[in-house]
Amino acid sequence: MKNLVKTSFFRRIVAPAMLAILLFLAAVFAFVIPAFEHNAIDQKKRMLLELTNTAWSILNNYQNEVDAGLLDSAMARTKAIAEVEALRYGPDKKDYFWIIDEEPVMVMHPYVHELMGRSLHDYADPDGTKPFIEATHIAQQSGEGFIRYKWQFKDDSTRIVPKLSFVKAFPKWGWIIGTGIYLDDVEHEIAQLTNKLL
């Protein structure tokens, strides 16, 4: 009799409660967390697009001065490089822009100076992604777009983290300008959200 009561209690009370918890967890991991990540990445993408358009307009302004006969092409490029190299954003002002050409060769990188003037054809992240080759493909196919890869965290060469970059071609000079933001903060926020929900 006691076993029958226990079995009945388990079927009527415990089993439905456990099923509800499992369904809730399944919904969280299938819908809530992916939606949170998607929204966070979308916000970062919009920011990257706007920032890159701002830096791209510097190149365009100097080309307009060339077209107006106010500067020669070499001087315009030198001035554009210096201005873009000085741009910084982000909470600690360490986020930056870089420029490559269509080969790809590094035209300007404010931190990794050893890449300057070097071919980036074989440059790959730890997972084998070739971000600069992808940048040239995007420039040729659509003129602008996003790339996900891994890169050293700011000026810490020992820490490699996921990064999202937006690149945009400047065809008149055969250049591609880009900038990126680290995604470790998104991963951290998702881990915190998961822990709270659990």
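Residues numbered from 1 in each chain as written. Predicted model: local features only at pLDDT ≥ 70, side-chain atom pairs only at ≥ 80, totals over all residues. Heavy atoms only, no water.

Residue-level account of helix α3 (residues 131–141), with values.
An α-helical segment advances 3.6 residues per turn. Residues three or four places apart therefore align on the same side. Residues P131, F132, I133, A135, T136, I138 and A139 constitute the buried set of α3. On the buried face of α3, the contacting elements are β1 (97–101), β2 (106–108), β3 (144–153), β4 (156–170) and β5 (175–182). Taken from the residues just after α3, G143 is the one with a positive phi, measuring 90°. (Buried < 20%, exposed > 50% of the residue type's maximum accessible area, 1.4 Å probe, protein only. Helix = DSSP H or I, 4+ residues; strand = E, 2+ residues; numbered from the N terminus. Contact = heavy atoms within 4.5 Å.)

Can you explain the sheet that holds β1? Please cite residues and give values.
Sheet architecture is open: five strands sit in the order β2-β1-β5-β4-β3, paired in antiparallel fashion. Of all the strands in the sheet, the pair left with one neighbour each is β2 and β3. Between one strand axis and the next, the sheet turns through 35° on average, direction left out of account. As defined by bridge partners, β1 adjoins β5 across five bridges and the pair is classed as antiparallel. (Pairing = 2+ DSSP bridges. Axes fitted to C-alpha atoms, helices over the stretch in contact; angles between N-to-C directions.)

Can you lay out helix α2 (residues 73–86) for me, pointing to particular residues and giving the numbers?
For α2, spanning 14 residues, the distance from its first C-alpha to its last is 20 Å, which sits close to the expected 20 Å at 1.5 Å a residue. Near the N-terminus of α2, the side chain that reaches the backbone nitrogen of A74, with its oxygen 3.2 Å away, is that of D72. (Expected span 1.5 Å × (residues − 1). Polar contact = N/O pair within 3.5 Å; in protein donor to acceptor, adjacent residues only side chain to side chain.)

Everything listed here is a matter of geometry and, on its own, says nothing about what the molecule does.
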